[in-house]
Amino acid sequence: MKVYIKLLLAAAALLTAGCGKTADTTEANLQSQEQSSEAESQEAGLTFMLEKLPAVESVQLWENAFAEGGIVITTEHYAVHSTLKDFLLTRRIPLFLETLHSRFQEVSGISTVSRRPSDVYLFAEREQWELFTEGFTAEYWPYFKNIKNGAFYHNGVCAAYNLGLNKTLSLLAHECWHQFSRRHFRYQLPAWIDEGMAMSFEGVRFTDGGFDFNPKYNKLRIQGLSKAAADNYEISFTELLKINPTSLFKEPNPERTNAYYSKLYSFIRFLREYDKENYASKLFSLIQDGAEGKWDISRNILVNLEDRNVTLNTAVNRKAGVAVFEEYFGSNYEKMEKQYQTFSYSLITKGGKKSSAKGELDSPGLSRYNKGGRNTGNKSAGGSSNASGRFKSFGEKPGLGGFGSNKDTQPRL
């Protein structure tokens, strides 16, 4: 009798345990189904909204290992892989990227580009971005994981996560410039040109039905200039031509990093705004000639710049940065240094007071390069007579077709 009772008790225990496990499993399955259903509902809502936007060519579901659900938004020049749930940010992205692309084309003078869309990855959360980035960047992951608030361009791809509407668009503008220049320029750009131009697109305001890109809107960089002045951290523009941003991450120094990027931001503005008939014209010619492969500098340097699948090493970046600058602006550094310092100070005393206007964007948008030596050129008297006007207007119409590799082993943070 005792044995029989024991068997009944054991059976009851097993049944109870089995029922508990079944209940837990059922509840987990229901939660998973609910999450999946919610994700599908959000995707359906986003798809319905996006398909009605004029800049959108198609919207497809994106099965991925980073989030519950996702979509791929295809425009004329971009394929945006997104896990965003933010309707406002998502609806802004297609027109923003296409408008940005048209600005890139106008500044570079490139009327035709590859028909294959450029890949952009936008994640709803940092955790999703980290999961993607660790696998995608491989040996460069130790660098990328140190990004606190930002995005990157690497090996043909831009990737960012949601930091709010303004910051996210600002970061995309910065990194998409790197993507555009590496895909469509004949030459790799030295650090001061590539980073400086990337920052010039960070400042954006919303307009009626579109976007207005202007470096004057970049509150973060103007604040950085003020901080550099307060820290008494000066960097001459001749040093800006040679600095390796990679060193700023290998040996962290917040003051120096801030000074480098804010000073480079002001230096590009100086070239664009101080003497538009002279400096702006030459800057536009420098960029357009780099896109077309027409820099008249040492062949030893150009050989390295022409191979866009090879990282610029320390010496080449330094030599190229100085050589290209002197080819278009000459070597009267003393005169330009005085002009630049005066202009840079004016951004703090005048422009800084206007920098808090509604609608501005800010972004750290950092990149990596290697530094190197020195060379000279002689095209300082060149420049297009109407370049300053074209540079200012940026233009509107994007193009199709063309050339350009998008393989790039050099990461940009």
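Residues numbered from 1 in each chain as written. Predicted model: local features only at pLDDT ≥ 70, side-chain atom pairs only at ≥ 80, totals over all residues. Heavy atoms only, no water.

Draft legend 1. Looking closely at the pairing of strand β6 (residues 157–161). Here β6 lies mainly inside the structure; 5 of its 5 residues are buried. By the alternation rule, side chains of β6 split into V157, A159 and Y161 and C158 and A160, which are all buried. As paired elements, strand β4 (residues 118–123) and β6 share 5 bridges and run parallel to each other. Paired with Y121 across the strands is A159, a residue of β6. Of the pairings in the sheet, the one linking strand β5 (residues 151–154) to β6 comprises 4 bridges and is antiparallel in character. Its bridge partner lying in β6, H154 is registered against V157. Count of turn residues in the β5/β6 antiparallel hairpin: 2 residues, of which N155 carries a positive phi of about 55°. (Buried < 20%, exposed > 50% of the residue type's maximum accessible area, 1.4 Å probe, protein only. Helix = DSSP H or I, 4+ residues; strand = E, 2+ residues; numbered from the N terminus. Pairing = 2+ DSSP bridges.)

Draft legend 2. Broad picture of the sheet that holds strand β2 (residues 71–74). Pairing within the open sheet is mixed, and its 6 strands lie in the order β1-β2-β3-β4-β6-β5. On the outer flanks of this sheet lie β1 (58–61) and β5, each paired with one strand and no other. Shown here is a sheet whose adjacent strand axes are inclined to one another by a mean of 15°, direction ignored. Of the strands in this sheet, β3 (78–82), β4, β5 and β6 are in contact with helix α5 (residues 165–184), which crosses β4 at around 155°. (Axes fitted to C-alpha atoms, helices over the stretch in contact; angles between N-to-C directions. Contact = heavy atoms within 4.5 Å.)

Draft legend 3. Layout of helix α10 (residues 254–273). Across its 20 residues, α10 extends 28 Å between first and last C-alpha, which sits within 8% of the 28 Å expected from 1.5 Å per residue. In terms of burial, α10 is largely enclosed, as 15 of its 20 residues are buried. (Expected span 1.5 Å × (residues − 1).)

Draft legend 4. Region of the structure containing the confidence of the model for the protein. Averaged over every residue, the pLDDT of the protein is 79; the share at 70 or more is 74%. Residue range residues 1–23 is modelled with pLDDT below 50. Its contacts to residues more than four positions away, or to other chains, number 0 contacts. In the model, residues 352–411 has pLDDT below 50 throughout and makes 244 contacts with residues more than four positions away in sequence or in other chains. (pLDDT = per-residue confidence, 0-100.)

Draft legend 5. Representation of the nonpolar core within the structure. In terms of nonpolar packing, the biggest core is built from 88 residues, with F96, W192, F267, W295 and L305 touching the most fellow members. If you tally residues by element for this core, the top one is α10, at 9 residues. When neighbours within four sequence positions are excluded, F96 is seen to be in contact with L169, L172, A173, V204, F211 and F213. The next biggest cluster of nonpolar side chains, apart from the first, holds 14 residues, and it includes V72, F123, W141 and I147. (Core = buried A, V, L, I, M, F, W, Y, C linked by side-chain atoms within 4.5 Å.)

Draft legend 6. Spotlight on the environment of L100. Inspection of the secondary structure puts L100 in helix α2 (residues 87–108). Take L100: its relative accessible area is 0%, and that puts it in the buried class. Apart from the residues lying within four places of it in its own chain, the contact partners of L100 are L172, A173, C176, F201 and F213.

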